[in-house]
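# Structural overview
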Amino acid sequence: MLRKLFVLFWVLGLAACSEGATSSPNARILMLGDSLFAVNRTINQSVGDQLERQLGEQVIDRSVLGAPFLSDDGKTGIQGQYFAGNWDWVVINGFGNDVLFGCGCGSCDSVLNRLISRDGTQGQIPDFVARVRASGARVIYSGYLRTPGFRAPIESCGPIGFDMDRRLAAMAARDPGVVYLSMANVVPSGDSSYHAFDVIHPSAKGSGAIATRIAAVIKAN
């Protein structure tokens, strides 16, 4: 409980608003997600900020701190951040808040299966990705950073993260227009500089490393 409260207060203590919906004809990249993308926005060092600089083009970042993925009607949380546009790429992350606050990273099978089945074919994530793909956009789905060589307050979530890596990779393998980017090996062992003081969220350096991986996929395609 204390762990959950710590994360909740940290999230609530950071003021960061998502980027408003726009019909800008210059934007071809839309980002949706939770604090993995949204953190560091107040200092212009979020994943979206750094992705814009690396690509030299506009990125519409709708990610929100604390956003869950699961939605009863597909109109709230991360799914509710989506809006129709002439997107070439929709970059998504999310599920961490669902397992942290929904099941405490403990007995999470029912939550995981609501998100995505083991074979990657069923659940709200593949359903939402299919909806985005139907618009013609390609999708990049990002995983989360890990903390190799040091401990984080949400250490118990680690096995779920690797399970979700496998499920999301299985989803992406079924569609050449979907890329799953695991972030499990971004952080060198023992290097805490990729994380903020809470050892949960990325630092500006961590956000930049995530942006670099996303940018590489976009540049290659």
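Note that this is a predicted model, so its numbers are computed, not measured.

### Brief notes about the confidence of the model for the protein chain
Close reading of the predicted structure is inappropriate where its pLDDT is low. Summary statistics for the protein chain give a mean pLDDT of 91 and a share of 89% for residues scoring 70 or more. Of the regions scoring below 50 in pLDDT, residues 1–15 engages in 24 contacts with residues more than four places distant in sequence or in other chains.

### Some words on the pairing of strand 1 (residues 29–32)
Residues I29 and M31 point to one face of strand 1 and L30 and L32 to the other, with burial holding for every one of them. Looking at chain direction, strand 1 and strand 2 (residues 59–61) are connected through three bridges and run parallel. Directly across from L30, in strand 2, lies its bridge partner I60. One ladder, built from four bridges, connects strand 1 with strand 3 (residues 89–93); its direction is parallel. Bridging from a neighbouring strand, L32 pairs with I92 of strand 3.

### Looking at the packing of helix 3 (residues 47–55) against helix 9 (residues 204–220)
Two numbers describe how helix 3 lies on helix 9: the axes approach to 8 Å, and their chain directions differ by 45°. By the angle between their directions, the pair helix 3 and helix 9 is classed as oblique. Judged by the sense of rotation from one axis to the other, the crossing of helix 3 with helix 9 is right-handed. Within the contact between the two elements, helix 3 uses V47, Q50, L51, Q54 and L55 and helix 9 uses A204, S207, G208, I210, A211, T212, I214, A215, I218 and K219. Class assignment of the residues belonging to the contact of helix 3 with helix 9 gives a composition of nine nonpolar, five polar and one charged.

### Observations regarding the layout of surface pockets
Volume-wise, the largest pocket comes out at about 550 Å³. Elements with a minimum of two residues in the lining of the largest pocket: helix 1 (2–12), helix 2 (35–38), helix 5 (96–103) and helix 8 (158–173). Across the lining of the largest pocket, the residue classes tally to 16 nonpolar, eight polar and three charged.

### Re the sheet that holds strand 4 (residues 138–142)
In space, the five strands of this open sheet follow the order 2-1-3-4-5, with parallel pairing throughout. The open sheet terminates on both sides in strands that have one partner only, identified here as strand 2 and strand 5 (178–181). Ignoring which end each strand starts from, the neighbouring axes of this sheet average 20° apart. Together, strand 1, strand 3, strand 4 and strand 5 form the strand contacts of helix 7 (residues 124–134), whose direction differs from that of strand 4 by roughly 150°. Packed on one face of the sheet, helix 8 meets strand 4 and strand 5 and runs near 160° to strand 5.

### Focus: the packing of aromatic side chains
Tallying each qualifying case throughout the model produces four aromatic pairs. On the numbers, 5.8 Å between centres and 75° between planes, the contact of F69 with F128 is edge-to-face. Separated by 59 residues along the polypeptide, F69 in the loop between strand 2 and helix 4 (77–80) and F128 in helix 7 bring together distant segments of the chain. Residue classification places F69 among the buried residues on the basis of a relative accessible area of 0%. We classify F128 as buried; its relative accessible area is 2%.

Parameters at a glance
Residues numbered from 1 in each chain as written. Predicted model: local features only at pLDDT ≥ 70, side-chain atom pairs only at ≥ 80, totals over all residues. Heavy atoms only, no water. pLDDT = per-residue confidence, 0-100. Contact = heavy atoms within 4.5 Å. Buried < 20%, exposed > 50% of the residue type's maximum accessible area, 1.4 Å probe, protein only. Helix = DSSP H or I, 4+ residues; strand = E, 2+ residues; numbered from the N terminus. Pairing = 2+ DSSP bridges. Axes fitted to C-alpha atoms, helices over the stretch in contact; angles between N-to-C directions. Parallel < 35°, antiparallel > 145°, perpendicular 65-115°, else oblique. Left-handed = near helix turned anticlockwise from the far one by under 90°. Nonpolar A, V, L, I, M, F, W, Y, C, P; charged D, E, K, R; others polar. 1 Å grid on protein atoms, 1.4 Å probe; cavity = no way out; pocket = protein on both sides within 12 Å on 5 of 7 lines; lining within 4 Å. Points joined across faces, edges and corners; volume = space filled by probe spheres on them. Phe/Tyr/Trp six-rings, centres within 6.5 Å; stacked < 30°, edge-to-face > 60°.

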